[in-house]
Amino acid sequence: MNAGSTQYDVLVIGSGAAGLTAALSLATRLKVLVLAKGKLTSGSTAWAQGGIAAVLDAGDTFDDHIRDTMVAGAGLNDRETVEFVIERAPAAIDRLCELGVPFNRESDHLHLTREGGHSHRRIVHVDDATGWAVQAALLKAAEENANITLLPHHSCVDLITGRHEEKYSGSGRVWGAYALDETTGKVEAYKARATVLAAGGAGRVYQFSTAPRGATGDGIAMAWRAGARVSNMEMMQFHPTCLYNLEVKNFLITEAVRGEGGRLFHPETGHRFMADYDPERMELAPRDVVARAIDDQIKRYGLDYVHLDISHEPPEFVKEHFPTIHEKLLGLGIDMTKGPIPVVPAQHYTCGGVVIDLDGRTDLPGLYAAGEVTESGLHGANRLASNSLLECFVFGDAAAKDILARWDSFDAPPRIREWDESRVTDSDEEVVIKQNWTEIRRMMWNYVGIVRTTKRLERAKHRIDLLASEIDDYYGHFRVTTDLIELRNLHQCADLIVQSALRRHESRGLHYILDYPETDEVPNDTVLVP
Ligand code: FAD
Ligand code: SIN
């Protein structure tokens, strides 16, 4: 082993639902290192509210769940992937129960709530804070497993590929990643025979997002730079109901509030406006439909927000179903048992990402991926609510199984070049990072949001191209910090989103563009090749 490098059997990048599921399955036989940017609980998993979709009710069927997923996804989904994931959902829930996730129960079975786009009650949940319970159970199991090493506060900079080998093999093989120790500022090579990328989504590319601070698309950008294809990056999901509050900017009001009877109203006229957009499904129409309706109301009437109201239900029912949200809102002076909640749409989920197959394999030998960082074919043009944690469990496990099955064919990593800092200095102008970061996020919100036009997309592309040389120049001259790593990745993802949006000449699911309002007869993925 080189000085300044560490080697495990498998490197997992990310400690959310996808990464820890993969790690736990791999650790049955292999030594696994899990790296996470910031705290181990810093990903989206810990923030998930609504729950996990699975067919568990006698009146529900796999066919219904598959159909709902494909309807929400506007036909862009890959049917084989949809079947693969949905049929594995009950087993995934069993595994979580074994790990001790305290799902809400009703007598002898799990309580199922309902969310938009689902034709049945099929969401298992832990009150309105499912993600926290799932994250805690996975983390506890990982901490207790002697084959798993957890290393928080390590921000991966780039994947190690053939070009980092001391004797370049000419292959696109991935051998782990270079990561910045956020406490010492040193970059080290973490080598492995196989690498699982589970670094989450790119929500923070947008000014308003429900995603946590670290959702800067690092995994997507690293895989792209290493040579993997990414697809459907234009399919950015906006959640219809994020709390509108001048202090608390990204607090989600779960879709389950609408699932349990919450209604949307114009805040001044009291009109229940979903009747004008989707009279049949009303507030339970798929997310893209509801988010666009709210966006339209806000723009048409010059509103700051619309109202979400569940106060017609008994106070005890509301408090029992939504204890976390109720408590949080009370702290902000809003009592949801007595009156409406002001809400606005905000970016919520990255449907596109690194292309994988059913074994979680990317284009690059030795590199697997799972969870929100991927485009597996499950979500198509719009993710059905509560299908994403499910995807993490199914593909985290699938990737691990494939690695275990092929283990004997994975070579040991060669000698890798150490991180070279001889030509960089400490940054003298941190303000450049802040300025570019803010500019990208605001521009993406204004030009590449819920409703798009070609002209606005072209303006965005022009700005992104101008920023490219400034960011590259900064990266080339200064020592890396987490902020700089994130800015570089945020910029890369913004570019991929805009490139993809410019290529799709139709409106489908989450991609709604005024110049091309029709939907093509044959659905096609937008695949970008590095
Ligand atoms: P994350 O859980 O986001 O984990 C990413 C990991 O990668 C983190 O550990 C992070 O530190 C690490 N990482 C990132 N970059 C780097 C780097 N450069 N170096 C090292 N590590 C890195 N889905 C549902 O199915 N049901 C729900 O109810 C639901 N509610 C949601 C509510 C909110 C507010 C949000 C934001 C999302 C919700 N989602 C829900 C979506 C779901 O939570 C996510 O899609 C899912 O948790 C993603 O899991 P993941 O393991 O792929 O990534
Ligand atoms: C929510 O609780 O509304 C989020 C569910 C999801 O994103 O799947």
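Going by the structure above, here's the rest.
Throughout, residues of each chain are indexed from 1 in the direction in which the sequence is written. Whichever chain is written first becomes A and whichever ligand is written first becomes 1, with later ones labelled in order. This being a predicted model, a pLDDT of at least 70 is required before a residue's local features are given, and a value of 80 or more before pairs of side-chain atoms are given or counted; all residues contribute to the totals for chains, interfaces and linings. Values reported for side chains reflect all heavy atoms of the structure, with hydrogen atoms and water molecules removed beforehand.

Asks: Can you walk me through the site of ligand 2 in this structure?
Replies: Neighbouring residues are identified by heavy atoms, a residue being near a molecule or strand if any of them is within 4 Å of it. Near ligand 2 the following residues occur: Gln49, Gly50, Glu115, His239, Leu252, Thr254, Glu255, Arg287, His348, Arg383, Ala385 and Ser386. Counting of polar contacts relies on pairs of N or O atoms within 3.5 Å, with two restrictions inside protein: one atom must be capable of donating a hydrogen and the other of accepting it, and residues adjacent in sequence are counted only when both atoms are side-chain atoms. For ligand 2, an oxygen atom lies 2.9 Å from a polar atom in the backbone of Gly50. Note that an oxygen atom of ligand 2 is positioned 3.1 Å from one of the side-chain N or O atoms of Arg287. Expressed as a share of its isolated accessible area of 250 Å², the protein-covered part of ligand 2 is 93%. Class assignment of the residues belonging to the shell around ligand 2 gives a composition of two nonpolar, six polar and four charged. Only the protein chains shown count as cover for residues, with accessible areas throughout obtained via the Shrake-Rupley method and a probe of 1.4 Å. We call Asp, Glu, Lys and Arg charged. Ala, Val, Leu, Ile, Met, Phe, Trp, Tyr, Cys and Pro are nonpolar, and the rest, Gly among them, are polar.

Asks: Help me out: how do you make sense of the sheet that holds strand β19 (residues 374-375) in this one?
Replies: Within a beta sheet, neighbouring strands are joined by backbone hydrogen bonds and run either parallel or antiparallel to one another. Taken together, the four strands give an open sheet; going across it, the order is β19-β17-β12-β20, and neighbouring strands pair in mixed fashion. If you trace the sheet from one side to the other, it starts and ends with β19 and β20 (527-528), each paired once. A pair of strands is considered paired only if DSSP assigns at least 2 bridges between the two. Each helix corresponds to a stretch of at least 4 residues labelled H or I by DSSP, and each strand to a stretch of at least 2 residues labelled E; elements are numbered beginning at the N terminus. Sheet topology note: the strand β17 (residues 353-355)/β19 ladder contains two bridges and is parallel. Paired with Val354 across the bridge in β19 is Thr374.

Asks: For this particular structure, what's the right way to read the nonpolar core?
Replies: Grouped burial of nonpolar side chains is what soluble globular proteins tend to show. Side-chain atoms within 4.5 Å link the members of a nonpolar core, which is a set of buried Ala, Val, Leu, Ile, Met, Phe, Trp, Tyr and Cys residues. Per-residue accessibility, obtained with a 1.4 Å probe over protein chains only, is compared with the maximum for each type, and a residue is labelled buried under 20%, exposed over 50%, and partly exposed between these values. Counting residues in hydrophobic clusters, the biggest one holds 132 residues, and the most contacted among them are Leu26, Ile52, Ile403 and Met444. In terms of residue count, helix α12 (residues 388-406) provides more of this core than any other element does, 11 residues in total. What Ile403 contacts, discounting residues up to four positions off in sequence, is Val10, Leu26, Leu30, Ala194, Val196, Tyr368 and Phe410. Counting residues in each nonpolar core, the second largest holds 29 residues, with Phe273, Val290, Ile298 and Ile325 among its members. Contacts: residue pairs with any heavy atoms within 4.5 Å of one another.

Asks: Can you help me understand the site of ligand 1 in this one?
Replies: Neighbouring ligand 1 are 38 residues; Thr45, Gly51, Cys156, Glu372 and Ser388 lie closest to it. Between ligand 1 and Ser15 there is a distance of 2.9 Å, counted from an oxygen atom to a backbone nitrogen or oxygen. Between ligand 1 and Asp218 there is a distance of 2.8 Å, counted from a nitrogen atom to a side-chain nitrogen or oxygen. Surface burial for ligand 1 is 97%, taken as the share of its 1000 Å² of free accessible area covered by protein chains. Residue composition of the shell around ligand 1, grouped by class: 15 nonpolar, 19 polar and four charged.

Asks: How do you make sense of the packing of aromatic side chains when you look at a structure like this?
Replies: What characterises a pair of aromatic rings is the spacing of the ring centres plus the angle enclosed by the ring planes. Between the rings of Phe, Tyr and Trp (Trp by its six-membered ring), a pair exists once the centres lie within 6.5 Å; its type follows the angle of the planes, with under 30 degrees stacked, over 60 edge-to-face, and the other angles tilted. The tally for this structure, following the rule as stated, stands at nine aromatic pairs. Here the aromatic rings of Phe84 and Phe395 are separated by 5.7 Å at their centres, their planes lie at 40 degrees, and the arrangement is tilted. Of this pair, Phe84 sits in helix α3 (residues 79-87) while Phe395 sits in helix α12, and the two are 311 residues apart along the sequence. A relative accessible area of 0% means that Phe395 is categorised as buried. By definition, being over a ring means that NZ of Lys or CZ of Arg is both within 6 Å of the ring centre and within 35 degrees of the ring normal. Note that Lys328 overlies the ring of Phe251, its terminal NZ or CZ placed 5.3 Å from the centroid. A cation over a ring is seen here: Arg488 above Tyr475, with NZ or CZ 3.7 Å from the ring centre.

Asks: What should I look at first to understand the sheet that holds strand β7 (residues 123-124) in this one?
Replies: If you trace the three strands from one edge of the open sheet to the other, you get β3-β7-β6, paired in antiparallel fashion. In the strand order of this sheet, the two ends are held by β3 (52-53) and β6 (112-113), each with one partner. By the bridge criterion, two bridges tie β3 to β7 in an arrangement that is antiparallel. Considered in β7, the bridge of Ala53 is made with Ile123.

Asks: Before we go on, may I ask you to explain the pairing of strand β13 (residues 236-243) in this structure?
Replies: Successive residues of a regular strand alternate their side chains across the two faces of the sheet. Most of β13 sits out of view: eight of its eight residues are buried. Bridging between β13 and strand β16 (residues 341-350) involves six bridges; their strand directions are antiparallel. Within the sheet, the bridge partner assigned to Leu243 lies in β16 and is Val343.

Asks: Help me out: how do you make sense of the pattern of salt bridges in this one?
Replies: Should the charged atoms of two oppositely charged side chains come close, the side chains can pair. Here a salt bridge means any side-chain nitrogen of Lys or Arg lying within 4 Å of a carboxyl oxygen belonging to Asp or Glu. Scanning the model with the defined rule gives 36 salt bridges in all. Where Glu260 meets Arg121, a salt bridge forms, and the shortest distance between an N and an O atom there is 3.1 Å. Of this pair, Glu260 sits in the loop between α7 (256-259) and β14 (263-265) while Arg121 is found in the loop between β6 and β7, placing the two residues 139 residues apart along the sequence. Residue class for Glu260 comes out buried when judged on its relative accessible area of 8%.

Asks: It is not clear to me how the packing of helix α1 (residues 17-26) against helix α5 (residues 130-143) should be interpreted in this structure. Could you clarify?
Replies: Axes are the key here: two packed helices are described by the angle between their axes and the distance separating the axes. Axes, fitted as lines to C-alpha atoms, cover a helix only where it is in contact. Angles between the N-to-C directions of the axes lie from 0 to 180 degrees. The N-to-C vectors of α1 and α5 enclose an angle of 30 degrees; their axes lie 10 Å apart at closest approach. Here the hand of the crossing between α1 and α5 comes out left-handed. Seen from α1, the contacting residues are Ala17, Leu20, Thr21 and Leu24; seen from α5, they are Gln135, Leu138, Leu139, Ala141 and Ala142. Considered class by class, the residues forming the contact of α1 with α5 number seven nonpolar, two polar and no charged. When the near helix sits turned anticlockwise from the far one by under a right angle, the crossing is termed left-handed; a clockwise turn instead gives a right-handed crossing.

Asks: Mind showing me how you'd approach the environment of Asn524 here?
Replies: Position of Asn524 among the secondary structure elements: in the loop between α15 (482-503) and β20. Expressed as a C-alpha distance, the spacing of Asn524 and Arg504, which sit 20 residues apart in the sequence, is 8.9 Å. With sequence-adjacent residues up to four places away left out, Asn524 is seen in contact with Leu76 and Arg504.

Asks: Which parts of the structure should I look at to understand α12?
Replies: An α-helical turn contains 3.6 residues, so any two residues separated by three or four positions project in the same direction. Counted at 1.5 Å a residue, the expected span for α12 with its 19 residues is 27 Å, and the 27 Å between its end C-alpha atoms agrees. Counting buried positions over the 19 residues of α12 gives 16, a clear majority of the element. Here the expected length of a helix is defined as 1.5 Å per residue gap, with one fewer gap than residues.

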